[in-house]
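Working through the structure, step by step
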Amino acid sequence: MLTVVLAGLRDRWASFLGGFVALALGVGLLATMGLGLSATLHAPERPPQRFASSPVVVQGQDRLTLDVRRGPRTVPVELRLDRPQPVDGRVLRELRARWTVTASGGPDAVGVDAPAAEVRTLVGDRARVLTGTERAQADPDPDRDARALVGLNALLGTSGGVTAFVSVFVVASTFAFAVALRRREFGLLRTAGATPGQIRRLLLTEAAALGVLASAAGCALGALGAPLLARALVDGGLAPAWFTIGGASWPFHTAFWTGVTVALAGAVAASRRAGKVGPTAALREADVDADALPLGRAVLGTGLLLAGLGLLVWTCATEPSALLKRKTYTTLPMLLITGVALLSPLLVRPAARLLRSRGAVGTLVRENSAAAVRRTAAVAAPVLVTVALAGTLFGSATGVTRAKEAESREQTAAQYVVSGEELRPVAAPPGAVVSPTGATSVFVRDGAEAVVKYGARAVADPAAFAELARLPVVAGDLRDLDDRSIVVNEEFERHRVGETVEVWRADGSGPVRLRVAAVLALGTGDNGPYVTRANAPGSALDRIDARGGGAATVRALEASGGTVPSEHRPDGGNPQNRLGMILVLGIALVYTVIGLANTLLMATSVRGGELASLRLAGATRAQVLRVVTGEAALAVAIGTVLGLMVTGVVLGALGAGLAALSAPVVLAPPWAVIGAAAGVCATVAVASAGLPAWRLTR
């Protein structure tokens, strides 16, 4: 058996080249992404800066601890405050009475030159005692490194998931189509006495050999590519400047065995079909595909399609805000894509029949594409993947960004909006309305089982805020906001006007009971809550809305330390997210190119007899080339249409979700990106079909 396998790999190396390259590239990308993920799991340990010379640091409490119910028991949970509390004055006096105390930069922490055990005994639970590398937690913004890795971790995880998905798809399609082309070979083996089990073992052994070789090559590619990826992420602003690849070994093990598993999994279904080939298949001359959609594939495709549609509907009905998250609009479409791709042989024949072209060339293109369903579907499927990913990823991200922009424009009647860190308060000139606000947080119980931290806005002038704000109020009145009330959104457990909400403030003080003054629609996620500055200790101004007053208002706003635009223009989205989507789409496009080239090179190279028959029937060489390239172009067109159908379903669900959230419905199909992806696919397909046809018709 092994001798037959090695001989087959040597003689048909060109047929296996595409699968080898796709699998090696997939393993290399998985190893690269895994090495990047391992580097994002732990932020670098930075030495303390603020209290570098103090062996012990006493810091005010930086967490809110509340008891929640977990089954029959009550357990404490901790939530981080916006900033640590000041060190208690009594604790400071006791520390200064015994040891040397160093203050630096604020009242939230002090350095103590004393033994740590004695300091802990003195302080108890009144403050935190930090030693060693923990002292860095008293530095400004100690979580900045960990925060910088969160988005990078999500990006690399998403890219790794897309890589695994597309690599499985391409490798499985390659094996399936290769088995279809070798039908007569298997018939001859059966005629020579080979059993169905031997045919299956032959294919699985070929897949295992290909998987081991390609996975080993992929791991080598991953070791070379990981440092390049880290440099590209840093240069593109997706990672902090200190980001580097570590020496973890688990990504190589994961990538290698994933590659072998993918190769075997891709060959399992094909081997089962090959085992059913009878001896009479060696006598077949017609290339019409009569069983292009086996029952198992039809059931699986239908199940995945219904599951994808069901999840979209269920998410839209129960949690529409989830449709706005990148994780959702990246993963959910994969179910739809896989389902449609599995059912594509069922759709190819009627789609090809829709072609209405006069002349012999058009008729041959239509009839050949409809007859050779497997070949047409094998070309259309990777195009479907790329077009659908391009449409859903870029379309969803652009739609969410534009919806946020439209919502931001609609939520203020201000003529000017100034933003920036630590803005200085300004007095309203005559005839002007000025509404300063700042970021803060509130902690609210969600039943007896959880405590939720909400990002909130602190209002300095409630009357001016009510005059300029155009928030989506569903109940109550913004003019009722005062120091004893709160504006909430529909996500709050208690969101009826007049109800009382128990709130802990951003510094952990509380609880305070605030009356619900107004309720807002949830929107895209930035609607409320709102409190006055009396309930937002430590909040700094970071936005000033203003209207009227003319040049005097502009001069006043310029004195605040921010930049005054000519009109309110919300941010146009995060360019780093766009770079991440380009990376994901680039992976899919590379795989599509490999799949198309491999499929069409294999398919066209075995059509020598068919093309010779066309020449004998009177077709010119140019006509033959037009037939072959026309079939490739038609298959790409079918894949593009199917991809657009998936895109339409996903973007339609996104629009329904935005409408359910009372947010502006903005649909933005990325026609330029879809056109570019389809154009690349068409170019590669035509070239991969035309070159071997040109060689065969010389």
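The following refers to the structure shown.

Procedures and definitions
Residues numbered from 1 in each chain as written. Predicted model: local features only at pLDDT ≥ 70, side-chain atom pairs only at ≥ 80, totals over all residues. Heavy atoms only, no water. Helix = DSSP H or I, 4+ residues; strand = E, 2+ residues; numbered from the N terminus. Buried < 20%, exposed > 50% of the residue type's maximum accessible area, 1.4 Å probe, protein only. Contact = heavy atoms within 4.5 Å. Areas by Shrake-Rupley, 256 points an atom, 1.4 Å probe, with all protein chains shown as cover. Lys, Arg positive; Asp, Glu negative; His and termini not counted. Charge placed at Lys NZ, Arg CZ, Asp CG, Glu CD. Salt bridge = Lys/Arg side-chain N within 4 Å of Asp/Glu carboxyl O. Core = buried A, V, L, I, M, F, W, Y, C linked by side-chain atoms within 4.5 Å.

Okay, the overall build of the chain next. Per the secondary structure count, the chain includes 19 helices and 15 strands. On the principal axes, the C-alpha backbone points of the chain span a range of 100 × 60 × 50 Å. A total of 698 residues make up the chain; the buried ones form 48% of that total. In the chain, of all internal contacts separated by at least 6 residues, the share reaching a separation of at least 24 is 80%. For the chain, the exposed area adds up to about 31500 Å²; of that, 59% sits on carbon and sulfur atoms. Once the 69 positive and 53 negative side-chain charges of the chain are each reduced to a mean point, those two points are 11 Å apart.

Quick look at the pattern of salt bridges now. This model, assessed by the stated rule, comprises 17 salt bridges. Of the charged contacts in the structure, one is a salt bridge between Lys 453 and Asp 82, with a shortest N-O distance of 3.2 Å. Placement of the pair is Lys 453 in strand β9 (residues 450-459) and Asp 82 in the loop between β3 (73-80) and α3 (89-98), with a sequence separation of 371 residues. Lys 453 sits in the partly exposed class, given a relative accessible area of 37%. We note a salt bridge from Arg 90 to Glu 94, for which the minimum N-O separation is 3.5 Å. Separated by four residues within a single helix, Arg 90 and Glu 94 lie in helix α3, roughly one turn from each other.

Here the focus is the nonpolar core. Formed by 64 residues in total, the largest nonpolar core has its most connected members in Leu 152, Val 166, Leu 233, Phe 243 and Val 646. A total of 12 residues in this core trace back to one element, the largest contributor, which is helix α13 (residues 373-410). Ignoring any residue separated from it by four or fewer positions in sequence, one finds Val 166 in contact with Val 385, Leu 389, Ala 588 and Tyr 591. Among the nonpolar cores identified, the runner-up in size contains 20 residues, and Leu 596, Ala 619, Val 628 and Val 636 belong to it.

All right, on to the environment of Arg 515 then. Considering the arrangement of structural elements, one finds Arg 515 in strand β13 (residues 512-520). Overall, Arg 515 belongs to the partly exposed group, its relative accessible area being 32%. Measuring from C-alpha to C-alpha, the distance between Arg 515 and Gly 498 comes to 5.7 Å, with 17 residues separating the pair along the chain. When sequence neighbours within four positions are dropped, the list of residues in contact with Arg 515 reads Asp 480, Asp 482, Arg 484, Ser 485, Ile 486, Gly 498, Glu 499 and Thr 500.

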